[in-house]
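Next come the chains, spelled out residue by residue.
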Amino acid sequence: MDLKRLSETAIDEVRKASSAEELFRIEKKYLGKKGELTKILRSLSDLPAEKRKETGKNANILKNTLEGEIKAKNEELSGKTKGVVIDVTAPGKRIEYGHLHPITQILNELIEAGKMLGFSVVDGPEIETAWYNFDALNTDENHPSRDHTDTFYISNDLLLRTHTSPVQIRYMQENKPPIRIFAPGRVYRRDSDATHTPMFNQLEGLLVDEEVTMSDLKGTLLYLVQAVFGEEREIRLRPHHFPFTEPSAEVDVSCGLCSGKGCKSCKGEGWLEILGAGMVHPNVLRAGGIDPKKYQGFAFGMGIERIAMLKYGVDDLRAFYDNDLRFTEQF
Ligand code: DAH
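(A) The arrangement of the site of the ligand in detail. For the ligand, the set of nearby residues contains 15 residues, the closest of which are His-163, Ser-165, Arg-189, Gln-202 and Glu-204. Within the side chain of Ser-165, a nitrogen or oxygen atom sits 3.0 Å from a nitrogen atom of the ligand. In the complex, 89% of the free accessible area of the ligand, which totals 350 Å², lies under the protein chains. Of the residues that constitute the shell around the ligand, the class distribution is five nonpolar, eight polar and two charged.

(B) Structural detail: the environment of Arg-238. Topologically, Arg-238 is positioned in strand 6 (residues 235-242). On the basis of relative accessibility, which here comes to 26%, the residue Arg-238 falls in the partly exposed class. Once the C-alpha coordinates of Arg-238 and Ile-111 are considered, the two residues, 127 residues apart in sequence, prove to be 25 Å apart. In this structure Arg-238 touches Ser-248, Ala-249, Glu-250, Asp-252 and Glu-273, once residues within four positions along its chain are discounted. Among the polar contacts made by the side chain of Arg-238, one reaches the side chain of Asp-252 at a distance of 2.8 Å.

(C) Broad picture of a negative patch on the surface. Taken together, the side chains of Asp-147, Asp-150, Asp-191 and Asp-193 present a region of like negative charge at the surface. Within the element layout of this structure, Asp-191 appears in the loop between strand 4 (179-188) and strand 5 (199-209). A residue is classified by how much of its surface remains accessible, and Asp-191, at 35% relative accessible area, is partly exposed.

(D) Summary view of the sheet that holds strand 1 (residues 120-121). Strands sit in the order 1-4-5-9-8-7-6 across an open sheet of seven strands; the sheet is mixed. A strand with exactly one partner marks an edge of an open sheet, and here the two such strands are strand 1 and strand 6. As defined by bridge partners, strand 1 adjoins strand 4 across two bridges and the pair is classed as parallel. Note that in strand 4 the partner of Val-121 across the bridge is Phe-182. Each of strand 4, strand 5 and strand 9 (296-303) is contacted by helix 7 (residues 166-174), which is oriented at about 40 degrees to strand 5, the strand it contacts most.

(E) Focus on the nonpolar core. If you look at the biggest cluster of nonpolar residues, it comprises 41 residues, and the most contacted ones within it are Phe-300, Met-302 and Phe-320. Listed by contribution, the elements that provide at least two residues to this core are helix 5 (102-116), strand 5, helix 8 (214-229), strand 7 (245-254), strand 8 (271-280), strand 9 and helix 10 (304-312). In this structure Phe-320 touches His-101, Pro-102, Ile-103, Glu-305, Ala-308, Met-309, Val-314, Phe-327 and Phe-331, once residues within four positions along its chain are discounted. Formed by 21 residues, the second largest nonpolar core is a distinct cluster that contains Met-172, Val-208, Leu-285 and Ala-287.

Conventions we followed
Numbers given for residues are sequential positions, taken from 1 along each chain in its written order. In keeping with the model being predicted, local features are shown solely for residues with a pLDDT of at least 70 and side-chain atom pairs are shown and tallied solely at 80 or more, while totals for entire chains, interfaces and linings include all residues. Calculation of side-chain values draws on the structure's entire complement of heavy atoms; hydrogens and water are dropped beforehand. Only heavy atoms are used to decide nearness, and a residue is near a molecule or strand if one of them lies within 4 Å of it. Pairs of N or O atoms within 3.5 Å make up the polar contacts considered here, provided that, within protein, one atom can donate a hydrogen while the other can accept it, and that residues adjacent in sequence are counted only when both atoms are side-chain atoms. Each accessible area is a Shrake-Rupley estimate made with a 1.4 Å probe; only the visible protein chains count as cover when residues are assessed. Side-chain classes follow a simple rule in which Ala, Val, Leu, Ile, Met, Phe, Trp, Tyr, Cys and Pro form the nonpolar group, Asp, Glu, Lys and Arg form the charged group, and the remainder, Gly included, forms the polar group. The helix count covers DSSP runs of H or I at least four residues long, the strand count covers runs of E at least two residues long, and both are numbered beginning at the N terminus. Summary of the burial criterion: residues with accessible area below 20% of their type's maximum are buried, those above 50% are exposed, and those between are partly exposed, where the area comes from a 1.4 Å probe applied to protein chains only. In this description, contact between two residues means that some pair of their heavy atoms is separated by no more than 4.5 Å. Two distance rules govern patches: like charges are joined within 9 Å, and nonpolar side chains (Val, Leu, Ile, Met, Phe, Trp, Tyr) within 5 Å, applied only to residues with over 30% relative accessible area and no salt bridge. A pairing counts as a salt bridge when a side-chain nitrogen of Lys or Arg comes within 4 Å of a carboxyl oxygen of Asp or Glu. Under this rule, positive means Lys or Arg and negative means Asp or Glu; His and the chain ends count for nothing. A charged residue contributes its charge at one atom only: NZ of Lys, CZ of Arg, CG of Asp or CD of Glu. A pair of strands is labelled paired if DSSP reports no fewer than 2 bridges between them. A fitted line through C-alpha atoms represents every axis, and for helices the fit uses only the stretch in contact; the resulting angles, taken between N-to-C directions, go from 0 to 180 degrees. Nonpolar cores were defined as sets of buried Ala, Val, Leu, Ile, Met, Phe, Trp, Tyr and Cys residues, with membership established by side-chain atoms within 4.5 Å.

This is how it looks when you write it as structure tokens:
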């Protein structure tokens, strides 16, 4: 029998086999010691050289195919694939849904709240010039934050931005008041421990208009803080110093555990520091091309990881970036 016909009949017979005994007989007929395919394989050496290679190749392909067919048929006949009983009462497998990273969730909550107050979201470069990152923000030539030990420099003049505040300048240069923007994004500092990572996220806010006051700032911040932490929380402003604002304040949120009475979590203070803010310094408005005699503004900057740590009671910031699903799944 030639190989082609052999292949057709053998496969056909295997597929039609209705019992394990019949299948065994068919296997023997083709692949046994004196089987038809075995005979062909054994007599390859008698063939003329030019036919030997081709026939050998086809015979081996058929052998593999046939063995595969026999194995499949065997499984079918022994009930491995046929008549499998499905227990419809067995509990199903839960489908796991993915979700946004907790840092993204907090950012989105703040941005949504900001939209209610008319703030739009803008972007700025993560690689900045020293001018935008420091000079234009009224930061002294000798300010410690400019140190190579604190800031990642790419060259003398280029650096990884240390805060989102330079976006204030870039936006003011391109846009006239009234201005109401949020600038979220990554910032970089040479710092690494349980509460500092070399990269973290900030949200910058800037509002410039005529007749803007510190109480506008406080009202805005209270709204944003309550959107993230809940309406029962209060804020307080403490005098502070930033080069780019005057007056400047550090802003605290009342402790969620003791409502301001003082407990272990807030180290007896009743308050937790969450952000920096103030009235935009006239030099900063000027650097943005805005006349400080006509306009005022307020600005604030907050660390998103810090907010997330306080909201969720996480004490090691690095956990947010380890990508351990057992941690991130909880949010
Ligand atoms: N840029 C400050 C920082 O990274 C945060 C900040 C404070 C931003 C006061 C502001 C501000 O816009 O007014 O620590």
